[in-house]
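Structure at a glance
Spelled out, the chains give:
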Amino acid sequence: MNPLVVTIVIALGTFILAIFGASWLNQQAMNKRIDDLRSYLDSRFAGLEGALRAEIKTVETRIATGLEATNQRIDRVEARLDRIERQLDEIFKPVLPGRG
């Protein structure tokens with residue numbers, strides 16, 4: 001066999017192995033980057049989730065307090081209207097004719 005052919009075959013084999021090796025190394029590096037990004041985002045969102053839940057709880061409490069205060073005001077207004085209505089009924093009692 002010609003030494004030139006042997007050299008070409010070895011060079012071609014080495015070139016193909018180098019391409020596959022580089023591809024494999026790139027894939028490993030990409031997997032590591034993805035895993036690092038995933039762990040970073042998980043830790044970032046874990047803290048954000050707790051803060052968001054606390055903020056939602058605060059807003060819910062404020063809404064409940066506001067609704068309770070509004071209901072109390074409505075009850076007070078209704079009580080006043082009932083009292084005024086009773087007073088008006090007392091003032092303007094219907095009188096039968098001839099009894100005035």
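Just above sits the structure.
This section reports on the structure supplied with the text. (Residues numbered from 1 in each chain as written. Predicted model: local features only at pLDDT ≥ 70, side-chain atom pairs only at ≥ 80, totals over all residues. Heavy atoms only, no water.)

Some thoughts on the overall build of the protein chain
We count it as follows: The helix count covers DSSP runs of H or I at least four residues long, the strand count covers runs of E at least two residues long, and both are numbered beginning at the N terminus. What the globule rule says is 2.2 Å times the number of residues to the power 0.38, and the radius of gyration is computed from C-alpha atoms. Exposed residues in this analysis have more than 50% of their type's maximum accessible area, buried residues have under 20%, and partly exposed residues fall in between, with area computed by a 1.4 Å probe over protein chains only. A 1.4 Å probe and the Shrake-Rupley method give the accessible areas. Residues count as covered only by the protein chains that appear here.
A tally of helices and strands in the protein chain yields 1 helix and 0 strands. The C-alpha atoms of the protein chain give a radius of gyration of 43 Å, which is well past the 13 Å a tight globule of 100 residues would have. Viewed in the frame of its principal axes, the protein chain has a C-alpha envelope of about 145 × 25 × 10 Å. The burial tally for the protein chain puts 0% of its 100 residues in the buried class. Taken as a whole, the protein chain presents about 9,600 Å² of accessible surface, with 64% of it coming from carbon and sulfur.

Examining a nonpolar patch on the surface
Stated formally: Note that patches include only residues with greater than 30% relative accessible area and no salt bridge, and the join distances are 9 Å for like charges and 5 Å for nonpolar side chains (Val, Leu, Ile, Met, Phe, Trp, Tyr). Every case where a carboxyl oxygen of Asp or Glu lies within 4 Å of a side-chain nitrogen of Lys or Arg is listed as a salt bridge.
On the surface, a cluster of nonpolar side chains totalling about 610 Å² of accessible area is made up of Val77, Leu81, Ile84, Leu88, Ile91 and Phe92. Residue classification places valine 77 among the partly exposed positions, given a relative accessible area of 45%.

Some remarks on a positive patch on the surface
To keep things clear, this is the line we draw: Charge counting treats Lys and Arg as positive and Asp and Glu as negative, with His and both chain ends excluded. The atom standing in for a charge is NZ when the residue is Lys, CZ when it is Arg, CG when it is Asp and CD when it is Glu.
Together, Arg73, Arg76, Arg80, Arg83 and Arg86 make up a region of like positive charge exposed at the surface. With respect to the secondary-structure elements, arginine 76 resides in helix H1 (residues 3-91). Taking the relative accessible area as the measure of exposure, arginine 76 reaches 46% and is therefore partly exposed.

Topic: the pattern of salt bridges
Side-chain pairing between opposite charges can occur once the charged atoms of the two side chains come close. Applying the stated rule across the entire model yields 3 salt bridges. Here glutamate 49 and arginine 53 are joined by a salt bridge, their closest N and O atoms 3.1 Å apart. One end of the pair is glutamate 49 and the other is arginine 53, both in helix H1 and 4 residues apart, which spans about a single turn.

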